[in-house]
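Close look at the chain arrangement
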Amino acid sequence: MTNVVVVGSQWGDEGKGKIVDWLSERADIVVRFQGGHNAGHTLVIDGVSYKLSLLPSGIVRPGKIAVIGNGVVLDPHALLAEIEKLGAQGVKVTPENLRVADNATLILSLHRELDGMREDAASNSGTKIGTTRRGIGPAYEDKVGRRAIRVMDLADMETLPGKVDRILTHHNALRRGLGEKEVSHEAIMQELTSVADRVLPFRETVWELLDKQRRKGARILFEGAQGSLLDIDHGTYPFVTSSNTVAGQASAGSGMGPGALGYILGITKAYTTRVGEGPFPTELKDEIGQFLGEKGHEFGTVTGRKRRCGWFDAALVRQSVATNGITGIALTKLDVLDGLDELKICVGYMLDGEQIDHLPASQGAQARVEPVYVTLEGWKESTVGARSWADLPAQAIKYVRQVEDLIGAPVALLSTSPERDDTILVTDPFED
């Protein structure tokens with residue numbers, strides 16, 4: 001038995017929700033370790049859809065402990081709204097099944113406002129990143145700047161006013177520079193005190209909780225948000241998120257040592273999508289790209305934004321396999337490729353007349369690369385709902401094997417529809 005870390009191997013939206021739900025039924029604890037409520041996923045259980053942004057997937061399963069780790073930036077209002085929304089669907093969230101790291105950073109209204117101000121200014125200059133405007137980046141900046149308000153601070157009204165003064169010294173200087181109205185001390189204090197009594201019951205020393213549970217033999221599932229190619233260090237910078245999204249962050253963002261992480265499962269879509277700005281070498285702006293988007297229902301869970309679609313990029317996923325230490329992948333949405341005459345897989349790039357096998361870190365070079373493809377025959381038969389290799393067309397199996405060979409990692413699970421049971425299990429990550 002081992003613990004399992006789930007990460008996205010592309011630019012997010014790979015179908016982590018279904019796979020994490022499938023795994024969480026067998027886990028005892030499900031931990032979110034980075035990001036915030038900018039990352040959404042949809043779970044479909046017994047025909048009911050649950051849209052989650054901040055809460056770990058295990059929250060919808062009775063008898064599981066859901067944990068929000070210290071690597072997450074937490075909007076208390078978004079947390080309470082999501083709890084209320086789930087309650088209306090019959091899912092009761094209490095301190096018995098949800099624990100929040102006491103050293104997690106809070107997202108405040110001034111973070112959301114700053115996020116929007118910057119994106120508006122960048123839009124005018126043509127340099128926008130494409131953030132969700134939810135305050136994620138500014139909150140991480142304050143964390144690194146050592147001026148953040150954290151969950152534990154809500155319990156200490158003696159020191160909180162001084163911490164509010166410190167964060168406002170920074171933010172009001174920025175707001176003056178942007179020509180915006182300053183924020184008052186009283187407004188932020190009222191904002192924090194209004195949620196304190198409802199958030200504090202969930203407070204937990206998470207590293208200690210996880211260590212005790214690990215020693216008891218509990219199965220722990222670490223749930224990442226976004227995708228590896230949006231990692232602040234290893235992604236397509238600056239068109240990335242504000243946190244580390246690779247598997248190593250599961251340790252830093254939860255307080256559990258890296259030796260206890262176990263199996264690294266990379267969720268990988270059978271084609272490629274991206275939301276927002278940034279390079280996308282295999283993007284298809286033709287009828288095939290439109291076909292993938294419509295058939296795959298490629299719209300963001302959180303923002304509703306249409307996703308850009310393209311061919312599978314093995315060079316990028318191979319890069320993610322290396323930076324995450326991926327043990328095996330869960331290949332999702334294979335059924336979306338049904339009916340295409342031929343399929344292409346990117347195996348590398350041409351850059352200034354030279355072929356390379358990875359996406360360079362330079363923004364300028366990323367914009368100049370041209371994909372190098374191999375072409376495979378498609379299949380006309382349906383793969384929807386397949387639950388064994390015998391249910392798959394020969395060409396679909398050939399496609400999967402080619403993907404495995406090109407990325408250097410085996411397929412552990414294969415998903416053929418949004419329904420959780422439409423999954424072919426090759427390797428059980430918990431038993432590997």
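Everything numeric here is computed off the predicted structure, so don't read it as measured data. Numbering of residues begins from 1 in every chain and follows the order in which that chain's sequence is written. At least 70 in pLDDT is required for a residue's local features to be given in this predicted model, at least 80 for side-chain atom pairs to be given and counted, and no such filter applies to totals for whole chains, interfaces and linings, which use all residues. Processing note: side-chain calculations cover all non-hydrogen atoms of the structure and skip hydrogens and water entirely.

Topic: helix 6 (residues 185-199)
Residue pairs spaced three or four apart in an α-helix point in one direction, given the helix's 3.6 residues per turn. Heads up, the rule is: Starting at the N terminus, helices and strands are each numbered in turn, a helix being any DSSP run of H or I of at least four residues and a strand any DSSP run of E of at least two. Helix span is expected to be 1.5 Å times the residue number reduced by one. Relative accessibility decides the category of a residue: with a 1.4 Å probe and only protein chains considered, values under 20% of the type maximum give buried, values over 50% give exposed, and everything between is partly exposed.
The end-to-end C-alpha distance of helix 6 is 21 Å, a good match for the 21 Å that 15 residues give at a rise of 1.5 Å each. Residues of helix 6 that are buried: Ile188, Met189, Glu191, Leu192, Val195, Ala196 and Val199.

Structural notes on the layout of surface pockets
For clarity, the threshold we go by: Lining residues are defined by having an atom within 4 Å of a point belonging to a cavity or pocket. Those points lie on a 1 Å grid over the protein atoms alone, cavities being sets where a 1.4 Å probe fits but cannot get out and pockets being open sets with protein on both sides within 12 Å along at least five of seven lines. Grid points are joined across faces, edges and corners, and a volume is the space filled by probe spheres set on the points. Polar here means any residue outside two lists: the nonpolar Ala, Val, Leu, Ile, Met, Phe, Trp, Tyr, Cys and Pro, and the charged Asp, Glu, Lys and Arg; Gly therefore counts as polar.
Taken as a whole, the second largest pocket spans an internal volume of roughly 150 Å³. Forming the walls of the second largest pocket are Glu283, Leu284, Lys285, Asp286, Gly289, Gln290, Gly293, Lys306, Arg307, Arg308 and Cys309. Residue assignment for the lining of the second largest pocket shows that the elements contributing at least two residues are helix 9 (287-295) and strand 13 (308-310). Examining the composition of the lining of the second largest pocket, we find that three residues originate from one element, helix 9, more than from any other. Here the residues of the lining of the second largest pocket are counted per class, giving two nonpolar, three polar and six charged.

Quick look at the environment of Phe33
The test is simple: In this description, contact between two residues means that some pair of their heavy atoms is separated by no more than 4.5 Å.
Checked against the element boundaries, Phe33 lands in the loop between strand 2 (29-32) and strand 3 (41-45). Taking the C-alpha atoms as reference, Phe33 lies 11 Å from Val206; in sequence the two are 173 residues apart. Ignoring anything within four residues of it in the chain, the contact list for Phe33 reads Val5, Val6, Val7, Gly71, Val72, Phe222, Glu223, Gly224, Val246, Gln249, Ala250 and Gly253.

Regarding the nonpolar core
The condition is simple: Among buried residues, the Ala, Val, Leu, Ile, Met, Phe, Trp, Tyr and Cys ones that are joined through side-chain atoms within 4.5 Å form a nonpolar core.
Ranked by internal contacts, the top residues of the largest apolar core, which has 94 residues, are Leu98, Phe222, Leu334, Leu337 and Tyr399. In this structure, Val30, Leu265, Ile267 and Phe430 belong to the second largest nonpolar core, which totals 16 residues.

Observations regarding the pattern of salt bridges
Where we set the bar: Definition used for salt bridges: Asp or Glu carboxyl oxygen within 4 Å of a side-chain nitrogen of Lys or Arg.
One pass over the structure, following the stated rule, counts 25 salt bridges. Arg61 is the salt-bridge partner of Asp21, the closest N and O atoms lying 3.0 Å from each other. Of this pair, Asp21 sits in helix 1 (residues 16-24) while Arg61 sits in the loop between strand 4 (48-52) and strand 5 (65-68), placing them 40 residues apart in sequence. This pair shows no difference in class: Asp21 is buried, exactly as Arg61 is. Residue Asp120 pairs with Arg133 through a salt bridge whose shortest N-O separation is 2.9 Å.

Re the packing of helix 5 (residues 160-177) against helix 6
For clarity, the cut-off: Only C-alpha atoms enter the line fits that serve as axes; for helices the fit covers just the stretch in contact. Angles between N-to-C directions range over 0 to 180 degrees. Any angle that falls under 35 degrees is termed roughly parallel, while one over 145 is termed roughly antiparallel, one within 65 to 115 roughly perpendicular, and all others oblique. Definitions for this section: a left-handed crossing has its near helix turned counterclockwise from the far helix by less than a right angle. A right-handed crossing has that turn clockwise.
Orientation of helix 5 relative to helix 6, taken along the N-to-C sense of each, is 125°, at an axis distance of 10 Å. One way to sum up the angle between helix 5 and helix 6 is to call them oblique. The handedness of the crossing between helix 5 and helix 6 is right-handed. In this structure, helix 5 contributes Leu160, Pro161, Val164, Asp165 and Leu168 to the contact, and helix 6 contributes His185, Ile188, Met189 and Leu192. Each residue belonging to the contact of helix 5 with helix 6 can be placed in one class, and the counts come to seven nonpolar, one polar and one charged.

Observations regarding helix 4 (residues 136-144)
Within the span of helix 4, buried status applies to Ile136, Gly137, Pro138, Ala139, Tyr140 and Asp142. Just beyond helix 4, the residue with positive phi is Arg146, at close to 60°.

Points about the sheet that holds strand 19 (residues 411-415)
Spelled out, the test is: By the convention used here, strands pair only if DSSP detects at least 2 bridges between them.
The 10 strands lie next to each other as 9-7-5-2-10-1-11-15-19-20, forming an open sheet whose pairing is mixed. Whereas interior strands pair on both sides, the edge strands pair on one side only; in this sheet they are strand 9 (203-204) and strand 20 (423-425). Pairing geometry for strand 5 and strand 7 (residues 98-101), over three bridges, is parallel. Directly across from Ile68, in strand 7, lies its bridge partner Val100. Sheet strands in contact with helix 1 are strand 1 (4-8), strand 2, strand 10 (220-223), strand 11 (263-269), strand 15 (328-332), strand 19 and strand 20, and its direction is about 170° off that of strand 1.

Observations concerning the side chain of Lys18
As a reminder of what qualifies: Counting rule for charge: Lys and Arg are taken as positive, Asp and Glu as negative, and neither His nor the chain ends is counted. Distance and chemistry together define a polar contact, namely a pair of N or O atoms within 3.5 Å, with one atom able to donate a hydrogen and the other to accept it when in protein, and with adjacent residues in sequence counting only for side-chain atoms on both sides.
Mapped onto the secondary structure, Lys18 falls in helix 1. In this structure Lys18 is buried but unpaired, with Asp422 as the nearest side chain of opposite charge at 6.0 Å. Here the side chain of Lys18 touches Ser417 through a polar contact of 2.6 Å, landing on its backbone oxygen. Every residue in contact with Lys18, bar those within four places of it in the chain, is listed here: Thr42, Leu43, Ser415, Thr416, Ser417, Pro418, Glu419, Arg420, Asp422 and Thr423.

Concerning the pairing of strand 1
Remember that side chains alternate between the two faces of the sheet whenever the strand is regular. Of all the five residues making up strand 1, five are buried; the element is thus mostly covered by neighbouring parts of the structure. Residues Val4, Val6 and Gly8 point to one face of strand 1 and Val5 and Val7 to the other, with burial holding for every one of them. For strand 1 and strand 11, the ladder comprises five bridges, and the chain directions are parallel. For Val7, the partnering residue across the bridge sits in strand 11 and is Gly266. As paired elements, strand 1 and strand 10 share three bridges and run parallel to each other. Pairing of Val4 across the sheet is with Leu221, part of strand 10.

Concerning the pairing of strand 10
In strand 10, alternate side chains face the same way, and those of Ile220 and Phe222 on one face and Leu221 and Glu223 on the other are all buried. Pairing analysis gives four bridges linking strand 2 to strand 10, with the strands arranged parallel. By the bridge assignment for strand 10, Ile29 is matched with Ile220.

A word on the packing of aromatic side chains
Note the threshold: For Phe, Tyr and Trp, rings pair up if their centres lie within 6.5 Å, where Trp contributes its six-membered ring, and each pair is then called stacked (planes under 30 degrees apart), edge-to-face (over 60) or tilted (otherwise).
The tally for this structure, following the rule as stated, stands at two aromatic pairs. Where Trp11 meets Phe280, the ring centres are 5.3 Å apart and the plane angle is 55°; that geometry is what we call tilted. Of this pair, Trp11 sits in the loop between strand 1 and helix 1 while Phe280 sits in the loop between strand 12 (272-274) and helix 9; the two residues are 269 residues apart in sequence, bridging distant segments of the chain. Look at Phe280 and you get buried, because its relative accessible area is 8%. Judged by centre distance (6.0 Å) and plane angle (65°), the rings of Trp379 and Tyr399 are edge-to-face. Note that Trp379 is positioned in the loop between strand 18 (370-377) and helix 12 (394-407) and Tyr399 in helix 12, a separation of 20 residues in sequence. Neither residue differs from the other here; Trp379 and Tyr399 are each classed as buried.

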